[in-house]
Amino acid sequence: MVAADVVVGILGNIISILTFFSPIAQFRQIVKRKSAENYNGTPYVATLLSCSLWILYGLLDPDDGLLIFTTNAAGAALQALYLVILFVYSTKEKRVQYFGFVILDIVFFGIVLAFTLVAFGESSRRTFTGVLCATFTTMMYVAPLAALRTTIKTKSVEYMPILLVFALFLNGCVWFTFALLVTDIFVIVPNALGILLGTIQFLVYLKFKNSTPEECDLENASFEKQIEFRDIDIQDSNVKSNNVSNQKRTLTRLDAFPIIRSPSLNPNRANFNFQHEDENGHGVMN
């Protein structure tokens, strides 16, 4: 008879691999367009490092670590494939950035591996690696909280990746159950946190899912109107202040350099001077 932890572990493998396959549609579009545009590949660099650490953790526990090893080996392979696609279809600047990140991943993993094998005994190696793995898994579960903040601020679920949230929530439930069956604290803690954060995100989604886009658009439109009117008021005040300063400047120049003209004895010439001074606005009638 197959043990319960093996069944749950196999189910966890299936769900985790499906989660790793979730961005495949975006990468099909990248290959089709032959351009990655502004697609952000940083999460795949972080996931690659996380999977690599879990692979090491699984290898250090031959009894209960096999199923952990298999799912993270598949995850690491997929992250590497995504990064290769991004490297091929990104700009030169992005290529240098991704190449540098991958090198940092390799260097960091190499340091962890060497430090684990040299600095710790056989009984402590798994503990040290487990702490690192739990930390990176917690960061993975915390990542969607940025969209949660946007959802609460806009009162709209448009920017909440609910399918990803559901996949991570289900993934956390399965691996939490697996960890309870094999009594693995380093798998229990991050996945328990993942369940908690997933529940919070579901509650927020249920609260705002009925919010109509029109309401959100009206709020945004009114806010933009307020900003527009405020800009107009500021521009008007600036124009008025500039006019006042120009008038002061003109008066100051006139006061500093008064124009004094002697009356002409020729009437025709006097009329000509009066008209000329009146047009320019600089004369003083005597």
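Scoring rules and cut-offs
Residues numbered from 1 in each chain as written. Predicted model: local features only at pLDDT ≥ 70, side-chain atom pairs only at ≥ 80, totals over all residues. Heavy atoms only, no water. Patch = residues over 30% accessible without salt bridge, like charges linked within 9 Å, V, L, I, M, F, W, Y side chains within 5 Å. Areas by Shrake-Rupley, 256 points an atom, 1.4 Å probe, with all protein chains shown as cover. Salt bridge = Lys/Arg side-chain N within 4 Å of Asp/Glu carboxyl O. Helix = DSSP H or I, 4+ residues; strand = E, 2+ residues; numbered from the N terminus. Axes fitted to C-alpha atoms, helices over the stretch in contact; angles between N-to-C directions. Left-handed = near helix turned anticlockwise from the far one by under 90°. Contact = heavy atoms within 4.5 Å. Nonpolar A, V, L, I, M, F, W, Y, C, P; charged D, E, K, R; others polar. Phe/Tyr/Trp six-rings, centres within 6.5 Å; stacked < 30°, edge-to-face > 60°. Buried < 20%, exposed > 50% of the residue type's maximum accessible area, 1.4 Å probe, protein only.

Q: Would you take a moment to explain a nonpolar patch on the surface for this structure?
A: Taken together, the side chains of Val84, Phe87, Val88, Phe99, Ile103, Ile106, Val107 and Ile111 make up a nonpolar region of the molecular surface, amounting to roughly 730 Å² of accessible area. Of all the secondary structure elements, the ones that give two or more residues to the nonpolar patch are helix 4 (66–89) and helix 5 (92–119). The leading source of residues in the nonpolar patch is helix 5, at five residues. Within the secondary structure, Ile103 sits in helix 5.

Q: Can you help me understand the packing of helix 8 (residues 162–182) against helix 9 (residues 185–208) in this one?
A: Working note: a packed helix pair is described by the angle between its axes plus the distance between those axes. Interaxial distance between helix 8 and helix 9 falls to 8 Å at its minimum, and their mutual angle equals 145°. For helix 8 against helix 9, the interelement crossing comes out left-handed. Across the interface between the two elements, Ile162, Val165, Phe166, Phe169, Asn171, Gly172, Cys173, Trp175, Phe176, Ala179 and Leu180 from helix 8 touch Val187, Ile188, Asn191, Ala192, Ile195, Gly198, Thr199, Gln201, Phe202 and Tyr205 from helix 9. In terms of residue class, the contact of helix 8 with helix 9 is built from 15 nonpolar, six polar and no charged.

Q: Help me understand the packing of aromatic side chains, please; the structure alone is not making it clear to me.
A: The geometry of an aromatic ring pair comes down to the distance between the two centres and the angle between the two planes. A full pass over the atoms with the stated rule returns 12 aromatic pairs. Summarising the aromatic geometry, the rings of Tyr57 and Phe186 are spaced 6.3 Å apart at their centres and angled 80° between planes, so their arrangement reads as edge-to-face. Pair noted here: Tyr57 is in helix 3 (residues 42–59) and Phe186 is in helix 9, with a separation of 129 residues, a long-range link. A single burial state applies to Tyr57 and to Phe186, both of which are buried. Aromatic side chains Phe120 and Phe128 sit 4.8 Å apart centroid to centroid with 25° between the ring planes, which places their arrangement in the stacked category. Taking relative accessible area as the criterion, Phe120 reaches 25% and is therefore assigned partly exposed. Residue classification places Phe128 among the partly exposed positions, given a relative accessible area of 22%. In textbook terms, an aromatic cluster arises when at least three aromatic residues are bridged by ring pairs, as seen for Phe27, Tyr44 and Tyr82.

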